[in-house]
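In case you want the letters, here they are:
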Amino acid sequence: MKKLILSVATLALLASCNGGSQKAQVAEVEEVKSFEQEQIEAGIKMHVDSLASLYNSKSNVPFLTALKEGQVVLTDEEKQVKPEFLIDLASTNELVTLSQKYRAVALLSVDKYIAKIHDIDVADFDAAQARLVVDINDPAFDTFVKDMGGDTPYSEAYTAFYDAENEAGRMNFFWETTTAAFVEQLFAIAQYPDKFIDCFNDQDVADFTYRLILILDGLNNLKDYAPELEELNNAVQPLNTLNAITVDQFREQVGEMKEQITEVRNTLLK
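Caption draft 1: Structural context of the packing of helix α9 (residues 171–191) against helix α12 (residues 228–236). The interhelical angle for the contact between α9 and α12, taken along N-to-C directions, is 20 degrees, at an axis separation of 11 Å. Relative to α12, the element α9 lies roughly parallel. Viewed along their axes, α9 and α12 form a crossing whose handedness is left-handed. Judged by residue contacts, N172, E176, T179 and V183 of α9 engage E228, L229, L232 and V236 from α12. A breakdown of the residues in the contact of α9 with α12 according to their chemical character gives four nonpolar, two polar and two charged.

Caption draft 2: Up close: the pattern of salt bridges. For the structure on display, the rule yields 14 salt bridges. Across the salt bridge formed by D135 and K101, the nearest N and O atoms sit 4.0 Å from each other. Of this pair, D135 sits in helix α6 (residues 123–136) while K101 sits in helix α5 (residues 98–117), and the two are 34 residues apart along the sequence. Residue classification places D135 among the partly exposed positions, given a relative accessible area of 38%. The partner of R103 in a salt bridge is E176, and the shortest N-O contact between them spans 2.7 Å. Remark: E176 occurs in helix α9 and R103 occurs in helix α5; sequence separation between them is 73 residues. Residues joined in a network through salt bridges with shared partners are K101, R131 and D135.

Caption draft 3: Looking closely at the nonpolar core. The biggest cluster of nonpolar side chains holds 79 residues, and the ones touching the most others in it are W175, F196 and F250. Element by element, the count of residues in this core is highest for α9, at 13 residues. When residues no more than four places from it in sequence are discounted, the contact partners of F250 are L186, I189, I197, F200, V205, F208, L242 and A244.

Caption draft 4: A look at the side chain of E176. Its relative accessible area of 0% is what places E176 among the buried residues. Within the structure, the side chain of E176 is placed 2.7 Å from the side chain of S99, a separation counted as a polar contact. Not counting chain neighbours up to four residues away, the residues in contact with E176 comprise S99, R103, E228, L229 and L232.

Caption draft 5: Highlighting the packing of aromatic side chains. All chains considered together, the criterion is met by 20 aromatic pairs. Relative to F187, the ring of F85 has its centre 5.7 Å away and its plane inclined at 80 degrees; by these criteria the two rings are edge-to-face. Note that F85 is positioned in the loop between α4 (76–79) and α5 and F187 in helix α9, a separation of 102 residues in sequence. Between F200 and F250 the ring centres are 5.2 Å apart and the planes differ by 55 degrees, which places this aromatic pair in the tilted class. Placement of the pair is F200 in the loop between α10 (193–197) and α11 (202–222) and F250 in helix α13 (residues 247–265), with a sequence separation of 50 residues. F200 gets classed as buried once you look at its relative accessible area, which sits at 6%. A relative accessible area of 0% places F250 in the buried class. Ring pairing ties together the aromatic residues Y55, Y102, F141, F144, Y154, Y158, F161, Y162, F173, F174 and W175, which thus form one cluster. Its guanidinium or amino end placed over the ring of Y55, R211 lies 5.5 Å from that ring's centre, counting from NZ or CZ.

Caption draft 6: Local environment of α12. Restricting attention to buried positions, one finds in α12 the residues L229, L232, N233 and V236. Angular distribution of buried residues about the axis of α12 spans 105 degrees; they occupy a single face of the element. Packing partners of the buried residues in α12 comprise α5, α9, α11 and α13.

Caption draft 7: Spotlight on the side chain of T179. Considering the arrangement of structural elements, one finds T179 in helix α9. When its relative accessible area of 1% is taken as the criterion, T179 is described as buried. Excluding residues that lie within four positions of it along the chain, T179 makes contacts with I215, L219, L232 and V236.

What counts and how
- Residues numbered from 1 in each chain as written.
- Predicted model: local features only at pLDDT ≥ 70, side-chain atom pairs only at ≥ 80, totals over all residues.
- Heavy atoms only, no water.
- Axes fitted to C-alpha atoms, helices over the stretch in contact; angles between N-to-C directions.
- Helix = DSSP H or I, 4+ residues; strand = E, 2+ residues; numbered from the N terminus.
- Parallel < 35°, antiparallel > 145°, perpendicular 65-115°, else oblique.
- Left-handed = near helix turned anticlockwise from the far one by under 90°.
- Contact = heavy atoms within 4.5 Å.
- Nonpolar A, V, L, I, M, F, W, Y, C, P; charged D, E, K, R; others polar.
- Salt bridge = Lys/Arg side-chain N within 4 Å of Asp/Glu carboxyl O.
- Buried < 20%, exposed > 50% of the residue type's maximum accessible area, 1.4 Å probe, protein only.
- Core = buried A, V, L, I, M, F, W, Y, C linked by side-chain atoms within 4.5 Å.
- Polar contact = N/O pair within 3.5 Å; in protein donor to acceptor, adjacent residues only side chain to side chain.
- Phe/Tyr/Trp six-rings, centres within 6.5 Å; stacked < 30°, edge-to-face > 60°.
- Lys NZ or Arg CZ within 6 Å of the ring centre and 35° of its normal.
- Arc of directions from axis to C-beta.

Here it is as structure tokens:
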């Protein structure tokens, strides 16, 4: 693609010096470039659509379902250790870019359930999330957040969100949201390995790892066409060592990767 772009620029310069015959060559090269670009983008689009479909076909992460249904319970002693690692709600007022705001909503969607098991009132989490959704002003995202907080099946909510963002030309925000949610889930698991990993079976672990593979593939394919995703793509690369397919492997790898996971998570709102 870069060679084609250079050719167009060179021919344009020649045309300004040597007359109309060169203009025809410029037009011809531009047409070839446009066709090639369209084919490349169509191929990537088809691939990314397939990745999203695979991602959306999986059921909800088991520890989130357990949290949502009140199946994870802390002892009184455990509740006394306040989760200082949760997103700072005051900092969400300072977010500027849409990318930051989509990601923050994803983080809040996980963090509020952790707050709840510590008997922390989640009203402020809900309020911060609602304010960010209003700021973003994306009807598809608004619907998605409501669906995820209600009884809509996980895969159905994600599929509708992707389809709507794709149609609106905002596919990048699907991947921003999905990546942030995954990272925060992994971060939460690293904080409570005994509580949360016990919710998984081997198939759940394999599915969770597969989600990461899909995210890494999706970001890597889109970064050239949505430059805002390049930084996120680079940030999540340290997670590519996660390849567990059993509960025992998952427990071991999460323990070994805790520092890396934390570093990746801390980049999400920068």
